[in-house]
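Structural characterization, general
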Amino acid sequence: MFNVIKGWFGEKKTALSLWASLDSNVYHRFHDIYVPTFNGTAQIDHLLISRHGIFIVETKNLKGWIFGNERASQWTQNLFGSKYRFQNPLRQTYRQKKALAKHFALDEEIIETVVVLTGDCELRTDLPRNVLVRGLGRYIKRFKYRVLSDSEVISLVREVENHKKQYHDQQTTCAEPSC
């Protein structure tokens, strides 16, 4: 239960960071989006849609030293001498990107993925530039080229809003385990 609360807090911290650092007239923010995959769903912590692209943001609330490799299936958290392994969040965002592109018929080239490590953690290995411990808004603002027209942004925002509403309605009205 503690990990669920810790994860929720990390996601709220990231949502607040996005709200404070990005103009809501330029970046449309969605949180906790579920996208169907071939074997279930992919849960996206934060999704940003703008003329500068689509951004998937995965949040991990961690403490201690973090060791990882871009291609490894798992990373390691070293906390007070104890080691804990967790799924490589870059692999998570890769799966999320594939699911999002397929479900909304998007070109994967306009989707950027970002991993944000919140909490008191320190990266102890070199990781790609899209793995951050700070500066999420600044990182996203670095993408300045227009890759979507205003009408494409509006259309996609509506699609995501409808999808989120339909998914939420389905989850709240379905009481059977087979749903």
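This write-up is about the structure you can find in this document. Keep in mind that this is a model prediction, so the values were computed, not measured.

1. A look at the overall build of the protein
Helix and strand counts for the protein come out as 4 helices and 9 strands. For the protein, the proportion of contacts with a sequence separation of at least 24, taken over those separated by at least 6, is 57%. Entry remark: accessible area of the protein is about 10,900 Å², with carbon and sulfur atoms responsible for 51%.

2. Overview of the packing of aromatic side chains
This model, assessed by the stated rule, comprises 4 aromatic pairs. With centroids separated by 6.5 Å and ring planes inclined at 80 degrees, the aromatic side chains of W65 and F67 adopt a geometry described as edge-to-face. For W65, a relative accessible area of 37% corresponds to the partly exposed category. Overall, F67 belongs to the partly exposed group, its relative accessible area being 30%. Plain terms: the ring middles of W75 and F86 are 6.1 Å apart, the flat faces sit at 75 degrees to each other, and that makes the pair edge-to-face. Here W75, found in strand β5 (residues 74-79), pairs with F86, found in strand β6 (residues 82-87); they are 11 residues apart in sequence, far enough to count as distant. You can call W75 buried: its relative accessible area is 0%. Directly above the ring of W65 sits R124, whose terminal nitrogen or CZ lies 3.9 Å from the centroid.

3. Things to note about the side chain of T76
By the secondary structure assignment, T76 is in strand β5. Looking at T76, its side chain comes within polar contact range of the side chain of R85, at 3.3 Å. The residues touching T76, leaving out its near neighbours within four places in the chain, are W65, I66, F67, K83, Y84, R85 and F86.

4. Quick look at helix α2 (residues 89-103)
In this model, α2 (15 residues) spans 21 Å end to end at C-alpha, consistent with the 21 Å of a helix rising 1.5 Å per residue. Where α2 is concerned, the buried positions are P89, L90, Q92, T93, Q96, A99, L100 and A101. Where α2 starts, the residue carrying a side-chain oxygen 2.7 Å from the main-chain nitrogen of L90 turns out to be N88. Following α2 by one or two positions, A105 has its phi on the positive side, about 55 degrees.

5. Concerning the pairing of strand β1 (residues 28-37)
Where β1 meets strand β2 (residues 40-50), 9 bridges bridge the pair, whose relative direction is antiparallel. Within β2, the position partnered with F30 by the bridge is L47.

6. A word on the nonpolar core
Of all hydrophobic cores here, the largest spans 21 residues; its most connected members are L47, I49, I54, L100, L106, I111 and V160. If we skip the residues at most four places from it in the chain, L100 touches V35, I44, L47, I54, I56, A105, L106 and I111. With 13 residues, the next largest nonpolar core counts L22, V114, Y139 and I140 among its residues.

7. Points about the pattern of salt bridges
Within this structure, the stated rule accounts for 6 salt bridges. The shortest N-O distance in the salt bridge between K98 and E108 comes to 3.1 Å. Of this pair, K98 sits in helix α2 while E108 sits in the loop between α2 and β7 (111-118), and the two are 10 residues apart along the sequence. For E122, the salt bridge goes to R124, with nearest N and O atoms at 2.8 Å. Salt bridges here are not isolated pairs; linked through shared partners, they connect R51, R146 and D150.

Criteria and cut-off values
- Residues numbered from 1 in each chain as written.
- Predicted model: local features only at pLDDT ≥ 70, side-chain atom pairs only at ≥ 80, totals over all residues.
- Heavy atoms only, no water.
- Helix = DSSP H or I, 4+ residues; strand = E, 2+ residues; numbered from the N terminus.
- Contact = heavy atoms within 4.5 Å.
- Areas by Shrake-Rupley, 256 points an atom, 1.4 Å probe, with all protein chains shown as cover.
- Phe/Tyr/Trp six-rings, centres within 6.5 Å; stacked < 30°, edge-to-face > 60°.
- Buried < 20%, exposed > 50% of the residue type's maximum accessible area, 1.4 Å probe, protein only.
- Lys NZ or Arg CZ within 6 Å of the ring centre and 35° of its normal.
- Polar contact = N/O pair within 3.5 Å; in protein donor to acceptor, adjacent residues only side chain to side chain.
- Expected span 1.5 Å × (residues − 1).
- Pairing = 2+ DSSP bridges.
- Core = buried A, V, L, I, M, F, W, Y, C linked by side-chain atoms within 4.5 Å.
- Salt bridge = Lys/Arg side-chain N within 4 Å of Asp/Glu carboxyl O.

That's the geometry; what it means functionally is another story.
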